[in-house]
Amino acid sequence: MPGDILFPQDLYDLAARVIAENKALGRKVALAESCTGGLVCAALTEVPGSSAVLDRGFVTYSNESKQEMLGVPSDIIDTLGAVSPATAWAMAQGAIAHSHADVAVAISGIAGPDGGSDLKPVGTVVFARAHRGEEEVHAEQKLIAGASRAEIRHHAAVVALELLLPGTELPAYAD
């Protein structure tokens, strides 16, 4: 491990594990990030040798970027919102379609302090994972309650990294 790392130790250690375990399988990964704004990709690139695993990352913070870069249908965002399992599902599918990755993880959420509602309070984060060649995409919505913006983004990055580890399970989401 390098003497100076930019990230908190838990993120670095988890990112190093993601790189090592995926490299051992010859597996490439991609990210579609919204509320984390590239944090997951940045954590991965902090690890020496990450270029053997990380294919690319999409920072799709705006709804337009989700549509333009990942092909998320506007009717999904208009009907269900940017923070929904369906949107995360479409983001993960788009990341697979627009990359050479074997697995893609998507993250969309409300990090706050503003932007929440009764239905989707601050701390609502949705994750999805897609595998190349598989129709099924796994998605999960979490509520990271009572946390600051930084804590929500940190926790979301940890969950996303965990989802890039081989063998991690998520509930299936049917479109």
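This text follows the structure it describes.
Source: prediction; values computed, not measured.

Draft legend 1. Expanded view of the side chain of R27. For R27, the position within the fold is in the loop between α1 (9-25) and β1 (29-33). An unpaired buried charge is present at R27: no salt bridge exists, and D102, the closest side chain of opposite charge, is 6.1 Å distant. A distance of 2.5 Å separates a polar atom in the side chain of R27 from a polar atom in the side chain of N22. Within the local environment of R27, its side chain forms a polar contact with the backbone oxygen of L164, the two atoms lying 3.0 Å apart. When sequence neighbours within four positions are dropped, the list of residues in contact with R27 reads N22, V53, D102, V103, H131, L164, L165 and P166.

Draft legend 2. Here's a closer look at the pairing of strand β3 (residues 103-109). In terms of burial, β3 is largely enclosed, as seven of its seven residues are buried. Going residue by residue along β3, you find V103, V105, I107 and G109 tucked away on one face and A104, A106 and S108 tucked away on the opposite face as well. In this structure, β1 lies alongside β3, joined through five bridges in parallel fashion. When the bridges of β3 are listed, L31 appears paired with V105.

Draft legend 3. Quick look at the nonpolar core. Formed by 35 residues in total, the largest nonpolar core has its most connected members in L31, V40, L44, I107, V125, L161 and L164. Within the residue set of this core, elements represented by two or more residues are α1, β1, α2 (39-45), β3, β4 (124-131) and α6 (149-163). Examining the composition of this core, we find that eight residues originate from one element, α6, more than from any other. Residue contacts for L31: discarding those within four places in its chain leaves V40, C41, L44, L54, R56, G57, F58, V105, I107 and L164. Listed in part, the 25 residues of the second largest apolar core include A32, I77, A106 and A128.

Draft legend 4. Examining the layout of surface pockets more closely. Of the pockets and cavities examined, the largest pocket occupies roughly 170 Å³. Surrounding the largest pocket, 14 residues form its lining, C35, Y61, G109, I110 and A111 being those nearest its centre. Taken together, the residues that form the lining of the largest pocket break down as six nonpolar, five polar and three charged.

Draft legend 5. Summary view of the environment of G123. Mapped onto the secondary structure, G123 falls in the loop between β3 and β4. Residue contacts for G123: discarding those within four places in its chain leaves I110, K142, L143, I144 and I152.

Draft legend 6. How the structure looks around the pattern of salt bridges. By the definition in use, this model includes three salt bridges. The salt bridge involving E21 is made with R17; its shortest N-O contact spans 2.8 Å. With E21 and R17 both in helix α1 and four residues apart, this pair spans about one turn of that helix. For E21, a relative accessible area of 27% puts it in the partly exposed group. Overall, the relative accessible area of 44% leaves R17 in the partly exposed class.

Draft legend 7. How the structure looks around helix α3 (residues 63-70). Buried within α3 we find S65, K66 and L70. The buried residues of α3 occupy an angular sector of 105° when the element is viewed end-on, so they sit on one face.

Draft legend 8. Main features of the side chain of K66. As for its position among the elements, K66 is in helix α3. There is no salt bridge for the buried K66, and the closest opposite charge comes from E64, which lies 8.2 Å off by N-O distance. A distance of 2.7 Å separates a polar atom in the side chain of K66 from the backbone oxygen of T60. Contact partners of K66, with chain neighbours within four places excluded, come to S34, T60, Y61, G71, V72, I77, A82, T87, M91 and S108.

Draft legend 9. Quick look at the environment of S108. Following the sequence through the fold, S108 ends up in strand β3. Here A82 takes part through its backbone oxygen, which lies 2.8 Å from a polar atom of the side chain of S108.

So, how was this worked out
Residues numbered from 1 in each chain as written. Predicted model: local features only at pLDDT ≥ 70, side-chain atom pairs only at ≥ 80, totals over all residues. Heavy atoms only, no water. Helix = DSSP H or I, 4+ residues; strand = E, 2+ residues; numbered from the N terminus. Buried < 20%, exposed > 50% of the residue type's maximum accessible area, 1.4 Å probe, protein only. Lys, Arg positive; Asp, Glu negative; His and termini not counted. Salt bridge = Lys/Arg side-chain N within 4 Å of Asp/Glu carboxyl O. Polar contact = N/O pair within 3.5 Å; in protein donor to acceptor, adjacent residues only side chain to side chain. Contact = heavy atoms within 4.5 Å. Pairing = 2+ DSSP bridges. Core = buried A, V, L, I, M, F, W, Y, C linked by side-chain atoms within 4.5 Å. 1 Å grid on protein atoms, 1.4 Å probe; cavity = no way out; pocket = protein on both sides within 12 Å on 5 of 7 lines; lining within 4 Å. Points joined across faces, edges and corners; volume = space filled by probe spheres on them. Nonpolar A, V, L, I, M, F, W, Y, C, P; charged D, E, K, R; others polar. Arc of directions from axis to C-beta.

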